[in-house]
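Residue-level listing of the chains:
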Amino acid sequence: MPRVKKTTVAIAVTLTACAGALGAFVVPALADLGGASGPGVRAAAIVNADGSVVRSKGVTAVRKIAIGQYCIRLDSDINAANTVPVATSQWTSAPWDSSIFVRYDGNPCGDSRDVFVGTGTASGARDTGFHVIVP
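Residues numbered from 1 in each chain as written. Predicted model: local features only at pLDDT ≥ 70, side-chain atom pairs only at ≥ 80, totals over all residues. Heavy atoms only, no water.

**Section: the nonpolar core**
Then comes step 1: The biggest cluster of nonpolar side chains holds 16 residues, and the ones touching the most others in it are Ala-43, Val-47, Val-59, Ile-72, Leu-74, Phe-130 and Val-132.
Then comes step 2: Residue assignment for this core shows that the elements contributing at least two residues are strand S1 (43-47), strand S3 (59-66), strand S4 (69-74), strand S7 (114-121) and strand S9 (130-134). (Core = buried A, V, L, I, M, F, W, Y, C linked by side-chain atoms within 4.5 Å. Buried < 20%, exposed > 50% of the residue type's maximum accessible area, 1.4 Å probe, protein only. Helix = DSSP H or I, 4+ residues; strand = E, 2+ residues; numbered from the N terminus.)

Spelled out as structure tokens, the structure:
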């Protein structure tokens with residue numbers, strides 16, 4: 001078994017202790033669900049038809065409130081009323097005649113921090129997976 005010098009171990013322990021005490025090396029993270037990277041995008045999410053999130057950035061929660069109706073909760077530092085959200089249907093779960101609608105005011109969701117996404121077809125609301133971004 002290789003020997004580790006006591007000096008090396010002491011330095012590593014000291015650096016770790018300082019980093020923890022001072023908060024160094026810790027990148028402030030938004031309270032998002034995670035897994036997505038999008039430089040220049042404040043929020044983004046891939047959402048399945050059942051409302052589960054594949055990955056996201058700047059999104060703290062997704063609620064499915066009814067058939068084809070979803071509420072996307074943005075990080076607290078993003079004012080949904082000042083955004084221009086964009087959504088598109090997922091290739092794997094949307095029929096060719098599907099439609100998707102977005103409301104930035106979150107009105108059906110009951111909270112101004114939410115973006116509302118509605119999905120469906122010409123025959124009515126339908127659960128469909130989608131991607132949403134807030135540039």
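**Notes on the pattern of salt bridges**
Then comes step 1: Scanning the entire structure with this criterion turns up six salt bridges.
Then comes step 2: Close ionic contact of Asp-127 with Lys-64 constitutes a salt bridge, the shortest N to O distance being 3.2 Å. Taken together, the positions of Asp-127 in the loop between strand S8 (124-125) and S9 and Lys-64 in strand S3 put the pair 63 residues apart, joining distant regions of the chain.
Then comes step 3: On the accessibility criterion, Asp-127 (27% relative accessible area) is partly exposed.
Then comes step 4: In this structure, Arg-103 and Asp-105 form a salt bridge, with 3.0 Å as the shortest nitrogen-oxygen distance. (Salt bridge = Lys/Arg side-chain N within 4 Å of Asp/Glu carboxyl O.)

**Points about the state of the cysteines**
Then comes step 1: Counted according to the given criterion, the structure contains one disulfide.
Then comes step 2: One disulfide bridge connects Cys-71 with Cys-109, the sulfur atoms lying 2.1 Å from each other. On the sign convention where negative is left-handed, the bridge of Cys-71 and Cys-109, at about -100 degrees about the S-S bond, is left-handed. One end of the pair, Cys-71, is in strand S4; the other, Cys-109, is in the loop between strand S6 (99-103) and S7, with 38 residues separating them in the sequence. Of the two residues, Cys-71 and Cys-109, neither departs from the other in class, the shared state being buried. (Disulfide = S-S within 2.5 Å.)

**A few points about the sheet that holds strand S5 (residues 86-89)**
The strands making up a sheet associate through backbone hydrogen bonding, with each pair oriented either parallel or antiparallel.
Then comes step 1: Taken in spatial order, the four strands of this open sheet run S2-S1-S9-S5, and their pairing is antiparallel. The open sheet is flanked by strand S2 (53-57) and S5, the only strands paired with a single partner. For this sheet, the mean angle separating the axes of adjacent strands, direction not counted, is 5 degrees.
Then comes step 2: In terms of strand pairing, S1 meets S9 through five bridges, oriented antiparallel. Considered in S9, the bridge of Ala-45 is made with Val-132. (Pairing = 2+ DSSP bridges. Axes fitted to C-alpha atoms, helices over the stretch in contact; angles between N-to-C directions.)

**Comments concerning the packing of aromatic side chains**
Then comes step 1: Enumeration according to the criterion identifies two aromatic pairs in this entry.
Then comes step 2: Ring centres of Trp-91 and Trp-96 lie 5.3 Å apart, and the angle between their planes is 90 degrees; on these two criteria the pair is classed as edge-to-face. (Phe/Tyr/Trp six-rings, centres within 6.5 Å; stacked < 30°, edge-to-face > 60°.)

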